[in-house]
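Topology and contacts: notes
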Amino acid sequence: MKFALIIFAAAGSLAAQEFRIPSSFDKFATRAKEMVDVNLDGSLLQLAARFLSDSDADEAQVKKLVSGLKGIFVKSYEFENRGEYTEADLESLRSQLKGPGWSRIVGVRSQRSGENSDVYLRSDGNALGGLVVITSEPRRLTVVNINGSINPDDIRRLGGHFGIPKLDGTGNSKKNRED
Amino acid sequence: MTAGIVSVVASEDARHERFAAVVRGHQSMVFSIAFHFLRDRERAEEIAQEVFLQLYRSGADLSTEAHVTFWLRKVACHRAIDFARKRKFEVALEDAPEPATPDSNEDPWLNRRIRALLTSLPETPRMVMILRYQEELMPEEIARVLEMPVRTVKSHLQRSLALLREKFDRSAGSLS
Amino acid sequence: MNEFEKTIQESLRRRDPSPWLESRILAAASASPRRSWLQSRMRWTLALGAVVFVMGGVAWQRERVMDERDRAAGQAAKQRLQLALKITSVKLQQIQREVIASND
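Just so we're clear, the structure is a prediction, and the values are computed from it rather than from any experiment.

Parameters at a glance
- Residues numbered from 1 in each chain as written.
- Chains lettered and ligands numbered in written order.
- Predicted model: local features only at pLDDT ≥ 70, side-chain atom pairs only at ≥ 80, totals over all residues.
- Helix = DSSP H or I, 4+ residues; strand = E, 2+ residues; numbered from the N terminus.
- Buried ≥ 20, exposed ≤ 12 C-beta atoms within 10 Å, placed from the backbone.
- Contact = placed C-beta atoms within 7 Å.
- Nonpolar A, V, L, I, M, F, W, Y, C, P; charged D, E, K, R; others polar.
- Pairing = 2+ DSSP bridges.
- Axes fitted to C-alpha atoms, helices over the stretch in contact; angles between N-to-C directions.
- Parallel < 35°, antiparallel > 145°, perpendicular 65-115°, else oblique.
- Left-handed = near helix turned anticlockwise from the far one by under 90°.
- pLDDT = per-residue confidence, 0-100.

Regarding its fold elements, chain A presents 6 helices and 8 strands. In sequence order, chain A lays out its α and β elements as α-α-β-α-α-β-α-β-β-β-β-α-β-β. Counting across all 179 residues of chain A, residues that qualify as buried make up 35%. Summarising the internal contacts of chain A: among those between residues at least 6 apart in sequence, 61% fall at separations of at least 24.

In structure tokens form, the structure reads like this:
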């Protein structure tokens, strides 16, 4: 709830710029121990939505969520060693998010674990037009870019549904209610 | 009437099937033309997608392999050149980072240097070089793709080679 | 061809695009209108097609018939969507936990 309040309070109303994960991130493909790279543009999202069932409550929820989106792009890397990415790499992401329309709604810095997380929202007039999540740990780097009309709370609430784990207070995943 | 409808649907499906085979067979060529020209994997894939969709929508004859290859090469070249001209104001290509090439067993420094030097050439001679050395086309074929006289192609090739050689020797010399 | 030209040739050998470029193109082609093709290649079928579209027959039939290629591409896209939402949801849940913990 608190989370949702922060989000809506921060959403601005300026004309927004589109965010792109720079092609320089391709270099991590060869360095990473594990990598996830998902690129779903508008046509692929439409295609995926055609295969989501209206009769299944979870899938119907996802279908509704996806209907307002123009693209989902995720890059997540896990490295063997520290220092595989630099502050300049992160800056190439953040600098795009300083433009008009973008607001950083959450920033978490952990001295203990070295984990940093930022959530940015883009506003198109009165509507939310995009979401970017950047999380960096010494050996992990994740960037999520969702382009389109999106409410982060809707995605967060997918936990426990559609095969997505729900985390309890300790960070462990609970089993889905269907299990 | 019904037979007519079925045949229209069937011919569309057959065309889509053929189109899928064309994409599979030529995606590496179209992508590489744009990739070597722009040194930007993401934009190169966007251009490749646009080129294939243009082919699909154009109603071009997909049954002749030579025709399809020529068409794809020509449109990929022109699209990449147009994109680079529009982008000129945004980023200097020589400063662009070199994309990763995980499947490579080449000499990384040498090849990276060559590709970087290539981007210092103006658009037309750069594309001439790509068609000559990536696609291994003869000057006459390059002239047809880029719609220019053969002697212009030959002159671009000659001058670009000399320029690259000179820059390459200079950069290699400064390292040693 | 001299040594220097061979080096250029090696530098400019063809590269493979991302493995999903092909499905992206085919999905976009499936979603794109094909009227221009019909117009340019088979004008006589356009007239026939117009009648058919008015009747709604072909449209209805085509909506119902989804071939195997589209199905495979769609399932692959659905799985990637699930993976993307999974990562996003987990990250947002983790961040929310951190925010709540820091406020407590």
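Once the structure has been displayed, the description carries forward.
The next thing to look at is the overall build of chain B. Across its full length, chain B carries 7 helices and 0 strands. Of the regular secondary structure in chain B, the N- to C-terminal order runs α-α-α-α-α-α-α. Out of the 176 residues in chain B, the part that is buried amounts to 35%. A separation of at least 24 residues holds for 65% of the contacts in chain B among residues at least 6 apart in sequence.

Below, the discussion takes up the interface of chain A and chain C. Contacts between chain A and chain C engage 42 residues on the former and 32 residues on the latter. Of the residues forming the side of chain A that touches chain C, the biggest block, 7 residues, is contributed by helix α3 (residues 42-50) of chain A. Taken together, the residues of the side of chain A that touches chain C break down into 27 nonpolar, 11 polar and 4 charged.

Our focus in this paragraph is the environment of Arg132 of chain B. Residue and element names in this part refer to chain B. Examined against the element boundaries, Arg132 turns out to sit in helix α5 (residues 123-133). Measuring from C-alpha to C-alpha, the distance between Arg132 and Leu157 comes to 8.3 Å, with 25 residues separating the pair along the chain. Filtering out sequence-adjacent residues up to four positions away, Arg132 remains in contact with Leu137, Ile142 and Leu157.

Residue and element names in this part refer to chain B. Inspection of the secondary structure puts Ala84 in helix α3 (residues 65-87). Ala84 sits in the buried class, given 20 other C-beta atoms within 10 Å. Linking Ala84 and Glu123, residues 39 residues apart in sequence, is a C-alpha distance of 7.6 Å. If we ignore the near neighbours within four places in the chain, the residues touching Ala84 are Phe37, Leu38 and Glu123.

With that settled, the discussion passes to the sheet that holds strand β5 (residues 127-137) of chain A. Residues and elements named next belong to chain A. Overall, antiparallel pairing links the 6 strands, which are arranged β1-β2-β6-β5-β4-β3 in an open sheet. Of all strands in the sheet, those bounded by a partner on one side alone are β1 (34-41) and β3 (102-109). Shown here is a sheet whose adjacent strand axes are inclined to one another by a mean of 10°, direction ignored. Relative to β5, strand β4 (residues 116-124) runs antiparallel, the two sharing 9 bridges. The residue bridging Asp124 from the neighbouring strand is Ala127, located in β5.

Residues and elements named next belong to chain B. In the contact formed by α5 and helix α6 (residues 139-146), the axes pass within 10 Å of each other and the chain directions differ by 130°. When the axes of α5 and α6 are compared, the pair comes out oblique. Between α5 and α6 the crossing geometry is right-handed. Residue-level inspection shows Met127, Val128, Leu131 and Arg132 of α5 in contact with α6, the latter providing Ile142, Val145 and Leu146. For the contact of α5 with α6, a count of residues per class yields 6 nonpolar, no polar and 1 charged.

Turning next to the confidence of the model for chain A. Close inspection of predicted coordinates is inappropriate for parts of the model with low pLDDT. Taken over all residues, the pLDDT of chain A has a mean of 79, while the share at 70 or more is 80%. Counting interchain partners and residues more than four positions distant, the pLDDT-below-50 stretch residues 1-15 of chain A has 29 contacts.

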